[in-house]
Protein chains: 2
Amino acid sequence: MIAMTPSAELRRIRRVALGDLIHRSALKFPRRTAVVDGDVRMDYAELDARSSRFAHALLERLGSGHQIGMLCANSADMVVAYNGIHKSGNVWVPVNTRLDPAAIDYILRHAEVSAVVVDEALHAAPGMAELLARLAVPLFITMAAGTETAVANACTLAQAQHGQSDALPELDMASEQPALIMYTSGTTGHPKGAVHSHASVAAALMGNMAGFGITEQDVFSALLPLYHCAQHTLVATAHMAGACAVLLRGFVPDEVRASITAEKYTLFTGLPMMYGALLADPAFRAPSLRLAIYAMAPIPDALIQVIAERMTPNVQLATGQTEMYPGTMTFKPMEHPGLGGNFWGFSLPHNETAVMDDEGRLLGEGQPGEIVHRGANAMLGYFKDPEASAAAQRFGWHHTGDLGMWGPGGQLMFLDRKKDMIKTGGENVASVKVEAVLLGHPGVAGCGVIGLPHPRWSEAVCAFVVKKPGAELDEQALAAHCRAHLGGFEVPKLIHFVDALPATSTGKVQKHLLRKQFERLAQEAWTKEEGA
Amino acid sequence: MIAMTPSAELRRIRRVALGDLIHRSALKFPRRTAVVDGDVRMDYAELDARSSRFAHALLERLGSGHQIGMLCANSADMVVAYNGIHKSGNVWVPVNTRLDPAAIDYILRHAEVSAVVVDEALHAAPGMAELLARLAVPLFITMAAGTETAVANACTLAQAQHGQSDALPELDMASEQPALIMYTSGTTGHPKGAVHSHASVAAALMGNMAGFGITEQDVFSALLPLYHCAQHTLVATAHMAGACAVLLRGFVPDEVRASITAEKYTLFTGLPMMYGALLADPAFRAPSLRLAIYAMAPIPDALIQVIAERMTPNVQLATGQTEMYPGTMTFKPMEHPGLGGNFWGFSLPHNETAVMDDEGRLLGEGQPGEIVHRGANAMLGYFKDPEASAAAQRFGWHHTGDLGMWGPGGQLMFLDRKKDMIKTGGENVASVKVEAVLLGHPGVAGCGVIGLPHPRWSEAVCAFVVKKPGAELDEQALAAHCRAHLGGFEVPKLIHFVDALPATSTGKVQKHLLRKQFERLAQEAWTKEEGA
């Protein structure tokens, strides 16, 4: 084998670095708008200059190679700050701002952050100032221009940039050095920190650009939180391509409709329920849109039709997970009208997908198993958790914890989270299949289906349902609906109405909390049954 | 800095390998056509299976990590063979088949090949059988199905595949191990072998897919030789995307027009003169085309207009070089109708471009200097030539040897090859500028402009011109044409008509041969002038 040891010069030539992407777009498109945030319109030259200034400030204060926490809602300042962190060779640790203070404290301490960028409003939230003060690290507070902070060991993001150079810092960085740690939203246990390198994130961005045909002409929605991989990867893809990202803080249907129209979005990404809410206004049309991406949950066929008629016929699911930087796969439901089910489709060009049994054998069409991936977008591992890292990497494939099956035409069908598959009377029941049937009832607003211990069936299918406001619906009617659409063993043994479901910030039902909350209720129900 | 040492499993998960790309497309698009070669239509499943079989044959015979020479004209077998080489972890060394035997011998020996894949017809060319026998390495001969070879130490490509597994070989390969060595066509001296890794080639492919918006719906032309980086990178990009490549052996206008129409090309790539020849038939239209790429030479404005009217309005220049795997930049002349000149436009998303002076300073708009690049598509270096490698990598930028200048709107303008810039009477004259003016004369078919030593001007601008058949043209008329379009110091001091120009297989005029051939003629001319 030829050995060509790369020189320092060659490493510099060939490096992949997330901060370079903004700089390269600024070289090509200095006057194109990179970020819209309310009245703020920041072009690439300015985003490049500001993020370089913040990078120089970090290099001066901290140097390179440290973790830097971030507690921010979507804003132009947040985009400046994380690009500055990347340009300085530090490691971005975005934190879900909706977590409770104990979870935030856990993540910042577990990640061993050397500084924190925090929104003024979040710093002022109950307990946060004390929590951050106890960390005893420098704070950079995002505040309105011209204001100052009285917080000890803190300066504003604007102050930090003051007097620093606009030039891209010239650092000796490696493509494989850590660029970010994202803590998984964690439906069970402590959150785990997925560590990604510059190269692993950039692999996903380039694959997204190729797979979704992104150009500098695109205008992206950015209303999901940027601390989540799904929104970050899309905004970063936009910025690699020289496109525009319109930042919103959360989902207010009227605001989103107005923004889509005013900014002429070409690409919208939202959860299925967001599409439903936007299209609830019968007058709403989005003629500028060329691509509607949905994520996180299956979407009813009827809603796809409405999106196609009133937004764009190019409707695509994008999948991914923090550990396998998104996107990983994409499905075009309009091209497979008869397929039904919960399909994830094809792999994007930068990675490969297989279905695997517990012994590492790859499975063919119709055989359920764990969905596994290979690709340069895989994380380096979980921070300080070699055991969980090794488990995710066994047999040389990234294990997603999702169950799936190859369907017709090489399209992947998602079955369930591995741990959410219900084993009842010797049969496997996919909780998501039962949920889809329940959501098909006009009176159901939301639901979570779990298996709870049952003396006879080992586990029993149990459904927890939120009714639509004003819906007249009882257990018997819903059970009849289920019997009409499901196999006998799939029909919930217990249907229980609740006011709300415990959910993560991205809308995933936290099934471990459902289990904890309703285990006793189920036991009582089974005891009553036996007595009857 | 967090250190996360990658496990063998993680290296396997995250590896980038050129052989994987075919395999991944076959998983998604098994029945889509990958290659058309005359009557042969090979789908992805078959290309994947055949190339895996050849890979297993190579692993059995040679193992991994060896250089394997290739002397092939474009064919489906050639595509099978180089993908097999990539899948086996060996290093592909394609050789320009039009070189003379001594140059072929030099390359195969310099590259230390352990085997050679050779077309039957090329093996039968004068001296080739002996040349290859003297190498004393196994030969794999591409021959018609069912035939056998009597050549010692040889088997046919089909025989090699016989009985081997269709499965992708599972090897411990690294993204950065060498994947190919391409010898530069070399307008001077011995050819140099540019070594690329799997990752460096793949970076270009993903950038091409993103930059040109390639999908599985595309049908690519492939009539330039596949041993050249320009055609290989496009076919490999097509194969990453699941698209079709239509292979032709050389350029016969009638055949190419018929193929474009029959196969419904969406993407055509050719030299400017090829577009001229195709469109010389006034009835020819190419309504299926969505992208017309030209390369290697500037293209007259008038021809762009005809391409736009009769082929597609999406006309783009693509640049690159063997050392910086193509493409590197792209220019859209239809978007810049007033720009004129020889523009290279913008960098593709996987790399960055700058203009540099000899001391490593980056230059701004209007300042001529060397065109340099950074990007993951840069070669590892020149094989066994650390000095030339270091020179190409100085200041942490890849040096192209081309002179350029930033023009308006951040578009890069190509000026000349660094060594072809003529220094005359204290002024710099770009040979390509003078050539463009000469080519603008209706009687000129081709030309090469060089500087030759002159007693008074240090160098003098000298033009060697091929007339169009039947054109009535003399030196005086052409000199007048030049005076009308060039500055006085740019007008050739010597205009000399020739029947043909020495050129490389990609159509580049070999100026070192022109210099050698006409140095004496010029000296005689200057002596005569003095005497006059």
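Nothing here was measured: the structure is a model prediction, and the numbers come from that model. (Residues numbered from 1 in each chain as written. Chains lettered and ligands numbered in written order. Predicted model: local features only at pLDDT ≥ 70, side-chain atom pairs only at ≥ 80, totals over all residues. Heavy atoms only, no water.)

**Student:** What is the right way to read the overall build of chain A from this model?
**Tutor:** Within chain A, the secondary structure is distributed over 17 helices and 26 strands. What you see for chain A is a C-alpha radius of gyration of 24 Å, in line with the 24 Å of a compact globule of 532 residues. Within chain A, the proportion of its 532 residues that are buried is 60%. Intrachain contacts of chain A at a sequence separation of at least 6 include 65% that bridge at least 24 residues. As displayed, chain A offers around 20500 Å² of accessible surface, 54% of which is attributable to carbon and sulfur atoms. (Helix = DSSP H or I, 4+ residues; strand = E, 2+ residues; numbered from the N terminus. Rg over C-alpha atoms; globule rule 2.2 N^0.38 Å. Buried < 20%, exposed > 50% of the residue type's maximum accessible area, 1.4 Å probe, protein only. Contact = heavy atoms within 4.5 Å. Areas by Shrake-Rupley, 256 points an atom, 1.4 Å probe, with all protein chains shown as cover.)

**Student:** Looking at this model, I keep getting lost on the domain arrangement of chain A. Mind explaining?
**Tutor:** How big an interface is tends to be stated in terms of the accessible area lost upon association of its parts. Residues and elements named next belong to chain A. Segmentation of chain A into domains returns domain 1 (11–31 + 42–173), domain 2 (201–417) and domain 3 (421–531). With centres defined by C-alpha atoms, the gap from domain 1 to domain 2 works out at 27 Å. Across the domain 1 to domain 2 interface the summed buried area is about 1900 Å²; carbon plus sulfur atoms make up 63%. Seen at the junction of domain 1 and domain 2, the total is one salt bridge. Among the ionic pairs, Lys384 bridges to Glu112, the shortest N-O distance being 2.6 Å. For the pair domain 1 and domain 2, the number of links is twelve residue pairs in polar contact (both at pLDDT 80 or more). (Domains from an automatic or database assignment. Buried area = accessible area lost by both parts, 1.4 Å probe. Salt bridge = Lys/Arg side-chain N within 4 Å of Asp/Glu carboxyl O. Polar contact = N/O pair within 3.5 Å; in protein donor to acceptor, adjacent residues only side chain to side chain.)

**Student:** Please clarify how the side chain of Ser221 of chain A should be interpreted in this entry.
**Tutor:** Looking at the secondary structure, you find Ser221 of chain A in strand 10 (residues 219–222). The exposure class of Ser221 of chain A is buried, given its relative accessible area of 1%.

**Student:** Looking at this model, I keep getting lost on the pattern of salt bridges. Mind explaining?
**Tutor:** Note that side chains of opposite charge can pair when their charged atoms are close. Residues and elements named next belong to chain A. This model, assessed by the stated rule, comprises 50 salt bridges over all chains. The partner of Arg53 in a salt bridge is Asp166, with the nearest N and O atoms 2.8 Å apart. One end of the pair, Arg53, is in helix 3 (residues 44–61); the other, Asp166, is in the loop between helix 8 (157–161) and strand 8 (178–183), and 113 residues separate them in sequence. For the salt bridge of Asp281 with Arg257, the shortest nitrogen-to-oxygen distance reads 3.7 Å. On the criterion of sequence distance, the pair formed by Asp281 in the loop between helix 12 (272–279) and strand 13 (291–294) and Arg257 in helix 11 (residues 253–263) is long-range, its members being 24 residues apart.

**Student:** I'm lost on the relation of the copies chain A and chain B in this one. Help?
**Tutor:** Put simply, the two copies of the chain differ by a rotation about an axis and a shift along that axis. Superposing chain A onto chain B requires a rotation of 180° together with a translation of 0.0 Å along the rotation axis, leaving an RMSD of 0.1 Å. When the rotation and shift are considered jointly, the pair of chain copies conforms to a two-fold rotation axis. The C-alpha atom lying nearest the rotation axis in chain A is that of Ala210 of chain A; the distance is 1.9 Å. Here 100% of the interface residues in chain A have copies in chain B that are interface residues too; the copies meet face to matching face. (Least-squares fit on C-alpha atoms with pLDDT ≥ 70 in both.)

**Student:** Sorry, what's going on with the interface of chain A and chain B here?
**Tutor:** The partner chain B presents 52 residues to the 52 residues of chain A that form the contact. Here chain A packs against chain B, burying approximately 4600 Å² in sum over the two surfaces, 63% of which is carbon and sulfur. Taken together, chain A and chain B are joined by six salt bridges. A salt bridge links Arg374 of chain A to Glu170 of chain B; the shortest N-O distance between them is 3.4 Å. The biggest single contributor to the side of chain A that touches chain B is helix 9 (residues 198–212) of chain A, with six residues. Broken down by class, the residue content of the side of chain A that touches chain B amounts to 26 nonpolar, 17 polar and nine charged. (Nonpolar A, V, L, I, M, F, W, Y, C, P; charged D, E, K, R; others polar.)

**Student:** Explain the pairing of strand 26 (residues 494–497) of chain A to me, please; I cannot follow it from the model alone.
**Tutor:** Taken residue by residue, a regular strand's side chains alternate between the two faces of the sheet. All names here are of chain A. Bridge analysis of strand 25 (residues 458–467) against strand 26 gives four bridges, and the strand direction is parallel. Residue pairing for strand 26: Cys462 is matched across the bridge by Leu494. The handedness of the strand 25 to strand 26 crossover, carried by helix 16 (residues 475–485), is right-handed. (Pairing = 2+ DSSP bridges. Right-handed = clockwise from strand over helix to strand, strands pointing away.)

**Student:** Sorry if this is basic, but what is going on with the environment of Arg361 of chain B here?
**Tutor:** All names here are of chain B. The topology assignment puts Arg361 in the loop between strand 17 (351–356) and strand 18 (369–375). Separated by 313 residues in the primary sequence, Arg361 and Asp48 place their C-alpha atoms 47 Å from one another. Each residue touching Arg361, except ones within four places of it in the same chain, is listed here: Val355 and Met356. Within the structure, the side chain of Arg361 is placed 2.9 Å from the side chain of Asp357, a separation counted as a polar contact. Here the side chain of Arg361 touches Glu359 through a polar contact of 3.3 Å, side chain to side chain.

**Student:** What is the right way to read the packing of aromatic side chains from this model?
**Tutor:** For any two aromatic rings, the description comes down to two numbers: the centre-to-centre distance and the angle of the planes. With the rule as written, the count across this model stands at 14 aromatic pairs over all chains. For the ring pair Phe464 of chain A and Phe518 of chain A, a centre distance of 4.3 Å and an interplane angle of 20° mean the geometry is stacked. One end of the pair, Phe464 of chain A, is in strand 25; the other, Phe518 of chain A, is in helix 17 (residues 511–531), with 54 residues separating them in the sequence. Overall, Phe464 of chain A belongs to the buried group, its relative accessible area being 0%. We classify Phe518 of chain A as buried; its relative accessible area is 9%. On the numbers, 4.7 Å between centres and 5° between planes, the contact of Trp344 of chain B with Phe414 of chain B is stacked. Taken together, the residues span a long stretch of sequence, with Trp344 of chain B in strand 16 (residues 343–347) and Phe414 of chain B in strand 21 (residues 412–417) at a distance of 70 residues. (Phe/Tyr/Trp six-rings, centres within 6.5 Å; stacked < 30°, edge-to-face > 60°.)

**Student:** Sorry if this is basic, but what is going on with the packing of helix 3 of chain A against helix 4 (residues 76–87) of chain A here?
**Tutor:** In helix packing, the relevant descriptors are the interaxial angle and the interaxial distance, both defined with respect to the helix axes. All names here are of chain A. Helix 4 packs onto helix 3 with a crossing angle of 55° between their chain directions and a minimal axis gap of 7 Å. When the axes of helix 3 and helix 4 are compared, the pair comes out oblique. Remark: the crossing between helix 3 and helix 4 carries right-handed chirality. Together, Leu47, Asp48, Arg50, Ser51, Ser52, Phe54, Ala55 and Leu58 of helix 3 and Asp77, Val79, Val80, Ala81, Asn83, Gly84, Ile85 and Lys87 of helix 4 make up the contact between the two elements. For the contact of helix 3 with helix 4, the class distribution of residues is eight nonpolar, four polar and four charged. (Axes fitted to C-alpha atoms, helices over the stretch in contact; angles between N-to-C directions. Parallel < 35°, antiparallel > 145°, perpendicular 65-115°, else oblique. Left-handed = near helix turned anticlockwise from the far one by under 90°.)

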